[in-house]
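Chain residues, written in single-letter form:
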Amino acid sequence: MPVEPPMTADEHDVPASMAGARPDGGSHAGSVPGRASAGPAAPSLDQALAGLDALDEAGHRARDRLSRRLWRATWPKLIAFGIILLVWQIAVWAHWRPYILQTPSAVARQLWELLGTSLFWQACWATAQQAVVGYALVIIVGGIVGTAVARVAVLRAGIGSLITGMQTMPSVLWYPLAFMVFGQNAKAIVLMMVLGAAPAVANGFISGIDQVPPVLLRAGRILGARGLSLERHVVLPAAFPSVLGGLKQGWAFAWHALMAGEFLILVNPLSLGGRTVNALTQNDFPVVVAMMIVIVFIGIMVDVAFTRVDTSVRRRYGLLDA
Amino acid sequence: MTAVTPAPTTWPAGPAPSIRLSGVSKRHGDATSGVVALQDISLDVAPGEFVCLVGASGCGKTTLLNLVAGLDRPSVGTVEVATAAADGSGAPTAKAPVRQSGGTASAMLFQDSALFPWLTVAANVELPLRLRSVGKTERRAVADDLLDRVHLGGFGSKRPHELSGGMRQRAALARALAQDAGLLLMDEPFGALDAITRDLLHDELESLWMDRGFTVLFVTHNVREAARLGDRIVLLTSRPGRVAASFPVGLDRPRRIDSAEIAGLAAMVTDQLRSEVGRHAR
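Residues numbered from 1 in each chain as written. Chains lettered and ligands numbered in written order. Predicted model: local features only at pLDDT ≥ 70, side-chain atom pairs only at ≥ 80, totals over all residues.

> Residue-level account of the overall build of chain B, with values.
Along chain B, the regular secondary structure elements total 7 helices and 9 strands. Considering only residue pairs separated by 6 or more positions, chain B has 75% of its internal contacts joining residues 24 or more positions apart. (Helix = DSSP H or I, 4+ residues; strand = E, 2+ residues; numbered from the N terminus. Contact = placed C-beta atoms within 7 Å.)

Have a look at this one:
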């Protein structure tokens, strides 16, 4: 900060260099003596602020058209898909495992045929029901445990690191336990899903609540939010992007656990997993691969949906550029 | 006129103060290894007064504001804050748009606007009203008024991150005014802004304050800013924070930050601030 000598009240005719000096060293016009009193040409505050705001606004770019963005997202996927088909076809041409491996077109025909059967849609429906029930329970358990651990110091010390550790466990590891507890029963699959996926959801809640900026909490309290209203109006919305990340990861783990459960526990032969195992026992390559494609497709679709929600939330929160 | 004589640190007898700190000390941590943030601070702020607290880092500015806001308790001493305009002294918020009995005692502005990113600008301004259960239509009308008042009419549907730093601070100001608190605490609110924006926001704040007559406790490390805005500059020492001196600023308003009188006063405060800071050299 520049140091000026003290001056008396009537000293209006100060040198320009002094009258224009700013404490923070900003450049100044520095040419008009007597700038100390407001000149007649000075614009109004309204006008000056409006001008400044207009300058700030000008920098924002418009987003590309939807069709353009779609195309940009799609073509790399199409090329990747094409390469996979090509490698597969080459393997067939090269007579690798000739009695098992069949061409992509044979599988495609099989898939097309499957899509026309009501049995296939029954399988999808059975698996979807199981997925919804299991995932709902994953969210409930994960949410409660996560919130409790984030809020209670003893719980955090006790099981905080356990939750992170559980996240690294493959869900198949829960199969023996689930099978022993519930036997050949849909409940066993739900147990596998909860044990496999709830830790990821809980972690989303924990890190979300941990990372609420303290200044927002302080602002919320000053504005009059206390206790539950602070949770509802500040903590939960502030934690939401991270919670959503946990839900997305939790879905991936729940889907893994569900598929492992359907393959191993064989509760419902009409589910997607059950049908696949059935085809496997009959050495029916086209059906096995067709079911795999269906299962991967469902997983990808749900992931895409999550990513879209995630992106729009992040954009709304200002966590994304542009 | 320039009145640059150091004054006694307490307000002379007159109307009941808006804020009264008596012998306030605050220690963070335990008695042996803790840090004394504030020591024996006594300070009265009159209703409608604009007081600027100036100090180097470590003077406990934020701690002091937290005490006044009721977010923290003093280790020793008492903090009294008059509740809004309810005492009828000088009608501080007589021109405010809402007169809710449940108005919070103090509003605060931060260096970071602390707007909630998940709400639109208008919803941010409405939030304090919502927390006081004000009806939807009234809320909307008040928020529109306030946004117009801070020259943000038409920006209500934007998200905070879509606004510039200066616009965010104006939106935060509108949200603070929606509290109808009668006391505005400001924690280096313009510290992160460029000089041109800051200059305009000084004008904006001064005109709002002259309109509405709320009490302001404004923390800054920018001495010029303090001289530009305050009725009185209170200089705090660092580690521990104590009141070193108090300078009444008897300059006419509206003021300009580049006026000679403000430069002169700022130079004087700066000299004393430097000698305070110099005492910490090892």
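> Account for unusual backbone geometry, naming residues and giving values.
A cis amide bond links Arg239 of chain B to the next residue, Pro240 of chain B, at an omega of 0°. Tracing the sequence through the fold places Pro240 of chain B in the loop between strand 8 (232–236) and strand 9 (243–248). We note that His95 of chain A has phi near 60°; this positive angle belongs to a residue other than glycine. Its place among the elements puts His95 of chain A in the loop between helix 3 (66–93) and helix 4 (104–115). Look at His95 of chain A and you get exposed, because 9 C-beta atoms sit within 10 Å. With a phi close to 55°, Asn283 of chain A is a non-glycine residue in the positive phi region. Topologically, Asn283 of chain A is positioned in the loop between helix 11 (272–281) and helix 12 (285–317). (Buried ≥ 20, exposed ≤ 12 C-beta atoms within 10 Å, placed from the backbone.)

> So what's going on with the environment of Arg139 of chain B? Residues and values would help.
Residue and element names in this part refer to chain B. With respect to the element layout, Arg139 can be found in helix 3 (residues 136–149). Classification of Arg139 as buried rests on a count of 22 C-beta atoms within 10 Å. Sequence spacing of Arg139 and Leu163 is 24 residues, and the spatial spacing of their C-alpha atoms is 22 Å. The contact partners of Arg139, leaving out residues within four places of it in the chain, are Glu126, Leu129, Arg130 and Val134.

> With reference to specific residues and values, describe the pairing of strand 8 of chain B.
Residues and elements named next belong to chain B. The element strand 8 is extensively covered by neighbouring structure, given that 5 of its 5 residues are classed as buried. By the alternation rule, side chains of strand 8 split into Arg232, Val234 and Leu236 and Ile233 and Leu235, which are all buried. Bridge count between strand 3 (residues 50–54) and strand 8: 4 bridges; the pairing is parallel. Its bridge partner lying in strand 8, Val51 is registered against Arg232. With 5 bridges joining them, strand 8 and strand 9 adopt antiparallel strand pairing. Bridged to Ile233 within strand 9 is Phe247. In textbook terms, the turn of a hairpin is the stretch between consecutive antiparallel strands, and for strand 8 and strand 9 this stretch comprises 6 residues, one of which, Arg239, has a positive phi near 45°. (Pairing = 2+ DSSP bridges.)

> Help me get a handle on helix 3 of chain A, residues and values and all.
Residues and elements named next belong to chain A. With 28 residues, helix 3 extends 41 Å from end C-alpha to end C-alpha; this agrees with the ideal 40 Å at 1.5 Å per step. Burial analysis of helix 3 places just 0 of its 28 residues in the buried class, which makes it a mostly uncovered element. Following helix 3 by one or two positions, His95 adopts a phi angle in the positive range, close to 60°. (Expected span 1.5 Å × (residues − 1).)

> Outline the domain arrangement of chain B, supporting the account with residue identities and numerical values.
Residue and element names in this part refer to chain B. Once the domains are mapped, chain B shows domain 1 (19–96 + 182–278) and domain 2 (100–105 + 115–181). Taking only C-alpha atoms into account, the centre of domain 1 sits 24 Å from that of domain 2. Each side of the interface is counted separately: domain 1 has 16 residues, and domain 2 has 10 residues. Broken down by secondary-structure element, the contributors of at least two residues to the side of domain 1 that touches domain 2 are strand 6 (183–187) and helix 5 (195–212). When residues of the side of domain 1 that touches domain 2 are assigned to their parent elements, the largest contribution, 3 residues, is made by helix 5. (Domains from an automatic or database assignment.)

> Please provide a residue-by-residue account of the sheet that holds strand 1 (residues 19–28) of chain B, values included.
Backbone hydrogen bonds hold the strands of a sheet together, and the pairing may be parallel or antiparallel. All names here are of chain B. Strand order in the open sheet formed by 3 strands is 2-1-4, and the pairing between neighbours is antiparallel. Of all strands in the sheet, those bounded by a partner on one side alone are strand 2 (35–45) and strand 4 (76–81). For this sheet, the mean inter-axis angle between neighbouring strands, taken without regard to orientation, is 25°. When strand 1 meets strand 2, the two strands line up antiparallel, connected through 7 bridges. Its bridge partner lying in strand 2, Ile19 is registered against Val45. (Axes fitted to C-alpha atoms, helices over the stretch in contact; angles between N-to-C directions.)

> Describe the sheet that holds strand 3 of chain B, with residues and values.
Residues and elements named next belong to chain B. Sheet architecture is open: 6 strands sit in the order 5-6-7-3-8-9, paired in mixed fashion. The open sheet has two free edges, formed respectively by strand 5 (107–109) and strand 9, since each of these has just one partner strand. When the angles between neighbouring strand axes are averaged without regard to direction, this sheet yields 15°. Against the sheet, helix 7 (residues 260–278) touches strand 3, strand 8 and strand 9, its axis set at about 175° to strand 9.

> Just give me the short version of the confidence of the model for chain A, but keep the residues and values in it.
Residues and elements named next belong to chain A. Averaged over all residues, the pLDDT of chain A is 84; the fraction at 70 or higher stands at 84%. When pLDDT is averaged over each helix and strand of chain A, the minimum, 39, is found for helix 1 (residues 16–19) and the maximum, 95, for helix 8 (residues 186–210). Throughout residues 1–39 the model reports pLDDT below 50, and contacts reaching past four residues in sequence, or to other chains, amount to 62 contacts. (pLDDT = per-residue confidence, 0-100.)

> Outline the packing of helix 9 (residues 214–222) of chain A against helix 10 (residues 227–265) of chain A, listing residues and values.
Residue and element names in this part refer to chain A. Axis separation between helix 9 and helix 10 bottoms out at 10 Å; the angle between their running directions is 160°. In terms of axis orientation, helix 9 runs roughly antiparallel to helix 10. Note on packing geometry: the crossing formed by helix 9 with helix 10 is right-handed. In this structure, helix 9 contributes Leu216, Leu217, Gly220 and Arg221 to the contact, and helix 10 contributes Leu230, His233, Val234 and Ala238. For the contact of helix 9 with helix 10, the class distribution of residues is 5 nonpolar, 2 polar and 1 charged. (Parallel < 35°, antiparallel > 145°, perpendicular 65-115°, else oblique. Left-handed = near helix turned anticlockwise from the far one by under 90°. Nonpolar A, V, L, I, M, F, W, Y, C, P; charged D, E, K, R; others polar.)

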